[in-house]
Amino acid sequence: MSGEDTPELPACAVIGAGVLGVCVALRLAEAGVAVTLLEQDRPGHGATRSSLAWLNANDKLPRAYHDLNYTGMRRWTELSAGLGGPVWYRPAGNIEWAASPAEQAQLIARVHRLTGYGYPAHLIGAAEVAELEPALKLPSLVDEAAWFPGEGYLNTGPLVSDLVALAVQRGATLLTGEQGRVVSLEVAGNRVRAVRTAAGHAIPVEVVVCCAGRWVPELVEMSGAACPVPLVPWATPGAVAPDGAVAAYSANPGALTLA
Ligand SMILES: Cc1cc2nc3c(=O)[nH]c(=O)nc-3n(C[C@H](O)[C@H](O)[C@H](O)COP(=O)(O)OP(=O)(O)OC[C@H]3O[C@@H](n4cnc5c(N)ncnc54)[C@H](O)[C@@H]3O)c2cc1C
C-alpha cells in the first residue's frame with residue numbers, strides 16, 4: 001500500500017487494440033492503473049475493422065448468451081450518453097422480414113420469445129415499415145415485419161479513435177507498429193514480468209491482459225503455457241477451452257498464473 005487507503009495498482013499491459021483492448025485499456029486507465037496498450041498494427045485494424053458492429057441480442061441462444069449481449073447493448077447506450085452522443089453510436093433500430101410463410105412463422109416465434117425476455121421487439125404492418133424507412137420497398141407478399149427498436153450499430157473507426165484518445169487522456173500509453181508488436185513475454189515464477197516488443201524494448205509489467213483476437217494462441221504460446229489455446233470454429237456447438245490452457249488471475253494481486 002502506498003498510502004493508508006490507496007492500494008498500489010499493478011502496472012498492466014493490454015495486448016491488442018481492437019474494440020476489446022481499447023475498452024479494457026480505457027477502463028483500467030479510468031481506475032488509475034498504469035496501462036500500456038500495445039498494438040502491432042494500427043488500433044482497430046484487426047477483426048474490429050471488418051465488423052458489421054451490429055448491436056443486438058436478437059437471435060442469440062442460449063438465454064445467458066442473449067442476456068450478455070443485451071447487457072452489452074445497454075452499456076454502449078450508457079457509454080455513448082456519457083460521451084454526449086458520439087457519431088460512432090448509431091441506434092438505428094432494425095427491421096426484419098421473412099420471404100416465405102415458414103420463415104415468417106419462425107420470425108413471429110422469435111419476436112414472441114424476445115418479447116418474453118423483455119427485449120424490445122414488435123410486429124408491425126407495411127405502412128409502419130414505410131414510415132420508419134421510406135426508402136424500403138417490402139416484397140408485395142409481405143404485409144408484416146419485425147421491428148427491433150433497441151438495436152443499432154457502431155462505426156468502429158471513429159469509435160476506436162475516440163476510446164484510444166480517452167484512454168491516453170487518462171494516462172494510458174499507446175504503442176503501435178514495431179514499438180507495439182509483442183514478440184515475447186518474459187515469464188518468471190509462473191508470472192509475466194515483462195513484455196518484449198519488436199522494437200527491442202522490455203516493458204516491465206505485473207499484469208497482462210491479452211486482447212489479441214485471432215492471435216491469442218500465438219500470445220499464449222509465448223507465455224510458455226503448458227497446452228495451446230486452439231482457435232475453435234465459431235459454429236462449433238458447445239465448444240469449450242481446454243482445461244488449464246488459459247492463464248488465470250489469482251487472488252494474489254498482479255499475479256498471472258500460467259497453467
Ligand atoms: C465480417 C465480420 C462481421 C462481424 N460482425 C459483427 C457484428 O455485427 N456484431 C458484433 O458484435 N460482432 C461482429 N463481428 C465480431 C467482432 O468484429 C469481433 O468480435 C471484435 O471486433 C473482436 O475484437 P477484438 O478486439 O477481440 O479483436 P481484433 O479487433 O482482432 O483485435 C485484436 C488486435 O490484436 C492485435 N495483435 C495481435 N497480436 C499482437 C501482438 N503480438 N502484439 C500486439 N498486437 C497484437 C491485432 O493487430 C489486432 O488489432 C464481426 C466480425 C467480422 C470479421
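What you see is a predicted model, and the numbers here were worked out from it, not measured in a lab. (Residues numbered from 1 in each chain as written. Predicted model: local features only at pLDDT ≥ 70, side-chain atom pairs only at ≥ 80, totals over all residues.)

### A closer look at the site of the ligand
And step 1. Surveying the vicinity of the ligand reveals 28 residues, the closest of which are Gly16, Gly18, Gly46, Ser51 and Gly213.
And step 2. Split by residue class, the shell around the ligand holds 14 nonpolar, 11 polar and three charged. (Near = placed C-beta within 6 Å. Nonpolar A, V, L, I, M, F, W, Y, C, P; charged D, E, K, R; others polar.)

### Examining the pairing of strand E7 (residues 144-148)
And step 1. Where strand E5 (residues 94-96) and E7 come together, three bridges link them in antiparallel fashion. Paired with Ile95 across the bridge in E7 is Trp147.
And step 2. Here strand E6 (residues 122-125) runs beside E7; their pairing, made up of four bridges, is antiparallel. Across the sheet, His122 pairs through a bridge with Trp147, a residue of E7. (Pairing = 2+ DSSP bridges. Helix = DSSP H or I, 4+ residues; strand = E, 2+ residues; numbered from the N terminus.)

### Some words on the sheet that holds strand E13 (residues 207-210)
And step 1. Strand order across the open sheet formed by four strands is E9-E2-E1-E13, with parallel pairing between neighbours. Of all strands in the sheet, those with a lone pairing partner are strand E9 (173-176) and E13, marking the two edges. Ignoring strand direction, the axes of neighbouring strands in this sheet form an average angle of 20°.
And step 2. Looking at chain direction, strand E2 (residues 35-39) and E9 are connected through four bridges and run parallel. Each bridged residue has a counterpart across the sheet, and for Glu39 the counterpart in E9 is Thr176. (Axes fitted to C-alpha atoms, helices over the stretch in contact; angles between N-to-C directions.)

### Observations regarding the sheet that holds strand E12 (residues 202-204)
And step 1. If you walk across this open sheet you meet the three strands as E10-E11-E12, and the pairing is antiparallel. Both outer strands of the open sheet, strand E10 (182-188) and E12, are each paired with one neighbouring strand and no more. Here the average twist between neighbouring strands, direction ignored, is 30°.
And step 2. One ladder, built from six bridges, connects E10 with strand E11 (residues 191-197); its direction is antiparallel. Bridge pairing in E11 places Leu185 opposite Val195.

### Points about the confidence of the model for the chain
And step 1. Looking at the chain as a whole, the pLDDT averages 88, with 84% of positions reaching at least 70.
And step 2. Residue range residues 244-259 is modelled with pLDDT below 50. Its contacts to residues more than four positions away, or to other chains, number 37 contacts. (pLDDT = per-residue confidence, 0-100. Contact = placed C-beta atoms within 7 Å.)

### Concerning the nonpolar core
Among soluble globular proteins, nonpolar side chains are generally buried collectively.
And step 1. Val14, Ile15, Val22, Ala25, Leu37, Ala167 and Val208 are the most contacted members of the largest nonpolar core, which has 39 residues in total.
And step 2. The leading source of residues in this core is helix H1 (residues 19-30), at seven residues.
And step 3. Not counting the four nearest positions on each side in its chain, Val14 is found in contact with Gly21, Val24, Ala25, Val35, Leu37, Leu38, Val209 and Cys211. (Core = buried A, V, L, I, M, F, W, Y, C linked by C-beta atoms within 7 Å. Buried ≥ 20, exposed ≤ 12 C-beta atoms within 10 Å, placed from the backbone.)

### Looking at the packing of H1 against helix H6 (residues 156-169)
A packed helix pair is summarised by two numbers, namely the angle formed by the two axes and the spacing between the axes.
And step 1. Put simply, H1 and H6 touch, their axes get as near as 9 Å, and they point 25° apart. Taken together, the axes of H1 and H6 are roughly parallel relative to one another. Crossing of H1 against H6: the hand is left-handed. Contacts between H1 and H6 involve Val19, Val22, Cys23, Ala25, Leu26 and Ala29 from the first element and Thr156, Val160, Leu163, Val164, Leu166 and Ala167 from the second.
And step 2. In terms of residue class, the contact of H1 with H6 is made up of 11 nonpolar, one polar and no charged. (Parallel < 35°, antiparallel > 145°, perpendicular 65-115°, else oblique. Left-handed = near helix turned anticlockwise from the far one by under 90°.)

### Observations regarding the environment of Arg63
And step 1. Structurally, Arg63 can be placed in helix H3 (residues 63-82).
And step 2. The exposure class assigned to Arg63 is exposed, which follows from the 10 C-beta atoms found within 10 Å.
And step 3. In sequence terms Arg63 and Leu114 are 51 residues apart; their C-alpha atoms lie 10.0 Å from each other.

### Here we look at H1
And step 1. Compared with an ideal rise of 1.5 Å per residue, which puts 12 residues at 16 Å, H1 spans 17 Å between its outermost C-alpha atoms and is within 8% of the ideal.
And step 2. Buried within H1 we find Val19, Gly21, Val22, Val24, Ala25, Leu26, Leu28 and Ala29.
And step 3. Looking at the buried positions of H1, the neighbouring elements they touch are strand E1 (12-15), E2, helix H2 (47-50), H6 and E13.
And step 4. Count one or two residues on from H1 and you reach Gly32, which has phi positive near 90°. (Expected span 1.5 Å × (residues − 1).)

### Notes on helix H4 (residues 101-116)
And step 1. The terminal C-alpha atoms of H4 lie 23 Å apart, and with 16 residues this matches the ideal 22 Å at 1.5 Å per residue to within 8%.
And step 2. Following H4 by one or two positions, Gly118 adopts a phi angle in the positive range, close to 85°.

### Some words on the pairing of E1
And step 1. Taking every second residue as pointing to the same face, both faces of E1 are buried, with Cys12 and Val14 on one and Ala13 and Ile15 on the other.
And step 2. Considered for its hand, the β-α-β crossover made up of E1, H1 and E2 is right-handed.
And step 3. With four bridges joining them, E1 and E13 adopt parallel strand pairing. In the sheet register, Ile15 faces E13, and the bridge partner there is Cys210. (Right-handed = clockwise from strand over helix to strand, strands pointing away.)

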